Amino acid sequence: MKSNSNSSLFDLAGHTALITGSSRGIGFALAQGLAEAGAKVILNSRQPEVVDAAVSRLTALGLQVEGAAFDVADEAAVEAAFAGFDQRAIAIDILINNAGIQHRQPMVDLALADWHRVINTNLTAAFIVGRAAARRMIARQSGGKIINIGSLTSEAARATVAPYTVAKGGIKMLSRAMAAEWAQFNIQANSIGPGYILTDMNEALVNNPTFDAWVKSSNPAQRWGRPEELVGTAIYLASNASSYVNGQIIYVDGGWLSVL
Ligand code: GCO
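Values in this document were obtained by computation on a predicted structure and should not be read as measured data.

### Thoughts on the site of the ligand
Among the 13 residues in the neighbourhood of the ligand, the closest are listed as Arg104, Ser151, Arg158, Pro194 and Tyr196. Contacts to the ligand include Pro194, whose backbone N or O atom sits 2.8 Å from an oxygen atom. Within the backbone of Gly195, one N or O atom sits 3.4 Å away from an oxygen atom of the ligand. Its free accessible area being 340 Å², the ligand has 98% of it covered by the protein chains. A molecule is said to occupy a pocket when more than half its atoms come within 2 Å of that pocket's grid points, and by this definition the ligand occupies the largest pocket.

### A few points about the pairing of strand 3 (residues 65-69)
In terms of strand pairing, strand 2 (residues 40-45) meets strand 3 through 5 bridges, oriented parallel. For Ile42, the partnering residue across the bridge sits in strand 3 and is Glu66. Chirality of the crossover, the property in question, places the unit of strand 2, helix 2 (residues 48-59) and strand 3 among those that are right-handed.

### Examining helix 8 (residues 231-238)
In terms of burial, helix 8 is a largely internal element, 6 of the 8 residues being buried. The set of residues buried in helix 8 consists of Val231, Thr233, Ala234, Ile235, Leu237 and Ala238. In this fold, the buried residues of helix 8 make contact with helix 1 (25-36), strand 4 (94-97), strand 5 (144-149), strand 6 (187-194) and strand 7 (249-252).

### Here's the deal with empty space enclosed by the protein
Following the criterion strictly, the structure yields 2 cavities of 30 Å³ or more and no others. In this structure, the largest cavity spans a volume of roughly 60 Å³. Lining the largest cavity we find 13 residues, and of these Asn97, Asn98, Ala99, Thr121 and Ala126 sit closest to its centre. For the lining of the largest cavity, the elements supplying multiple residues, two or more each, are helix 4 (112-140) and helix 5 (162-182).

### Quick look at the nonpolar core
Leu30, Leu34, Val41, Leu43, Val65, Ile96 and Ile192 are the most contacted members of the largest nonpolar core, which totals 33 residues. If you list the elements that add at least two residues to this core, you get strand 1 (16-19), helix 1, strand 2, helix 2, strand 4, strand 5 and helix 8. Of all the elements, helix 1 adds the most residues to this core, at 6 residues. When sequence neighbours within four positions are dropped, the list of residues in contact with Leu34 reads Leu12, Ala17, Ile19, Ala39, Val41, Ile94, Ile96, Ala234, Ile235 and Ala238. One finds Ile42, Ile90, Ala99 and Ala133 within the second-largest nonpolar core, a separate group that totals 31 residues.

### Comments concerning the packing of aromatic side chains
A complete count under the given rule lists 8 aromatic pairs for this structure. A ring pair is formed by Phe82 and Phe85, whose centres lie 5.3 Å apart and whose planes are at 80°; its orientation type is edge-to-face. In this pair, Phe82 and Phe85 both sit in helix 3 (residues 75-87), 3 residues apart, roughly one turn of the helix. The pair Phe82 / Phe85 is uniform in exposure class, with both members buried.

### Looking at the confidence of the model for the protein
Averaged over every residue, the pLDDT of the protein is 96; the share at 70 or more is 97%. Looking at the elements of the protein, mean pLDDT is at its lowest for helix 6 (residues 203-206), recorded as 95, and at its highest for strand 4, recorded as 99.

### Side note on the sheet that holds strand 2
Sheet strands associate in pairs through backbone hydrogen bonding, adopting either a parallel or an antiparallel arrangement. Taken in spatial order, the 7 strands line up as 3-2-1-4-5-6-7 in an open sheet, and their pairing is parallel. Strands at the two margins of the open sheet, each flanked by one partner only, are strand 3 and strand 7. Across the sheet, the mean angle separating the axes of adjacent strands is 20° when strand polarity is ignored. Pairing geometry for strand 6 and strand 7, over 4 bridges, is parallel.

### Description of the pattern of salt bridges
Evaluation of the coordinates by the stated rule reveals 12 salt bridges. For Glu155, the salt bridge is made with Lys172, and the minimal N-O distance between the two is 3.2 Å. One end of the pair, Glu155, is in the loop between strand 5 and helix 5; the other, Lys172, is in helix 5, and 17 residues separate them in sequence. Residues Lys216 and Asp212 are paired through a salt bridge, measuring 2.9 Å at the closest nitrogen-oxygen approach. Of this pair, Lys216 and Asp212 both sit in helix 7 (residues 209-218), 4 residues apart, which is roughly one turn of that helix. A relative accessible area of 15% places Asp212 in the buried class.

What counts and what doesn't
- Residues numbered from 1 in each chain as written.
- Predicted model: local features only at pLDDT ≥ 70, side-chain atom pairs only at ≥ 80, totals over all residues.
- Heavy atoms only, no water.
- Near = heavy atom within 4 Å.
- Polar contact = N/O pair within 3.5 Å; in protein donor to acceptor, adjacent residues only side chain to side chain.
- Areas by Shrake-Rupley, 256 points an atom, 1.4 Å probe, with all protein chains shown as cover.
- 1 Å grid on protein atoms, 1.4 Å probe; cavity = no way out; pocket = protein on both sides within 12 Å on 5 of 7 lines; lining within 4 Å.
- Sits in = over half its atoms within 2 Å of the grid points.
- Pairing = 2+ DSSP bridges.
- Helix = DSSP H or I, 4+ residues; strand = E, 2+ residues; numbered from the N terminus.
- Right-handed = clockwise from strand over helix to strand, strands pointing away.
- Buried < 20%, exposed > 50% of the residue type's maximum accessible area, 1.4 Å probe, protein only.
- Contact = heavy atoms within 4.5 Å.
- Points joined across faces, edges and corners; volume = space filled by probe spheres on them.
- Core = buried A, V, L, I, M, F, W, Y, C linked by side-chain atoms within 4.5 Å.
- Phe/Tyr/Trp six-rings, centres within 6.5 Å; stacked < 30°, edge-to-face > 60°.
- pLDDT = per-residue confidence, 0-100.
- Axes fitted to C-alpha atoms, helices over the stretch in contact; angles between N-to-C directions.
- Salt bridge = Lys/Arg side-chain N within 4 Å of Asp/Glu carboxyl O.

Below is the structure:
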């Protein structure tokens, strides 16, 4: 990604980021954080009214954001969205594949349709959107940044979330596959692996005293993470500070995976 002449190492001014699934939770925090670091940010969700509400919240803070409502798992919708960016001369040089859903059920009871739904949204969508973004980054010869959001389950499995676990393991390897093919075009593709973060998706877990106690006793920080605690790692991977970092996954997990 070409740096601006006078930009600091972590300054995102002059760059445009698309963050999928960014109307709430981790995606919304990353959108706010990258916008505050100077990027123009495009927020995404499937529902237009949901995107508009998120855009309004950040616009009210004086941040340079806009919305793009499309289903990241729908190839035609993704291609149409990127065609729209092309028509408006919007050059996305930072992509964060954050969109994800969760489905908690033992595998023996799991319907194939639910397996496919999670894999499609949490993994295949990152390929579809990443391919659309990379085609344009390569054509522009401008380089770029792709950040795929993984999970602790990119590394270790938890019972009853098999499709999510498999998808997040795939996300880690998708970043490496992207690095293998696209690093030569000055595109850096990496992953962030959040620990247990206080988000809407995890509300049921936070409110479950047994699960809450497990999270607090299983990581040395002895607490849940906050979405905004992922912003620094995202800015690092989205900036020139990581211009020679490829195919890595950075766990932001309080130390969970590093201790027995
Ligand atoms: C679950 C949670 C996890 C977290 C996160 C942990 O049901 O175990 O949803 O999947 O969201 O991915 O890193």
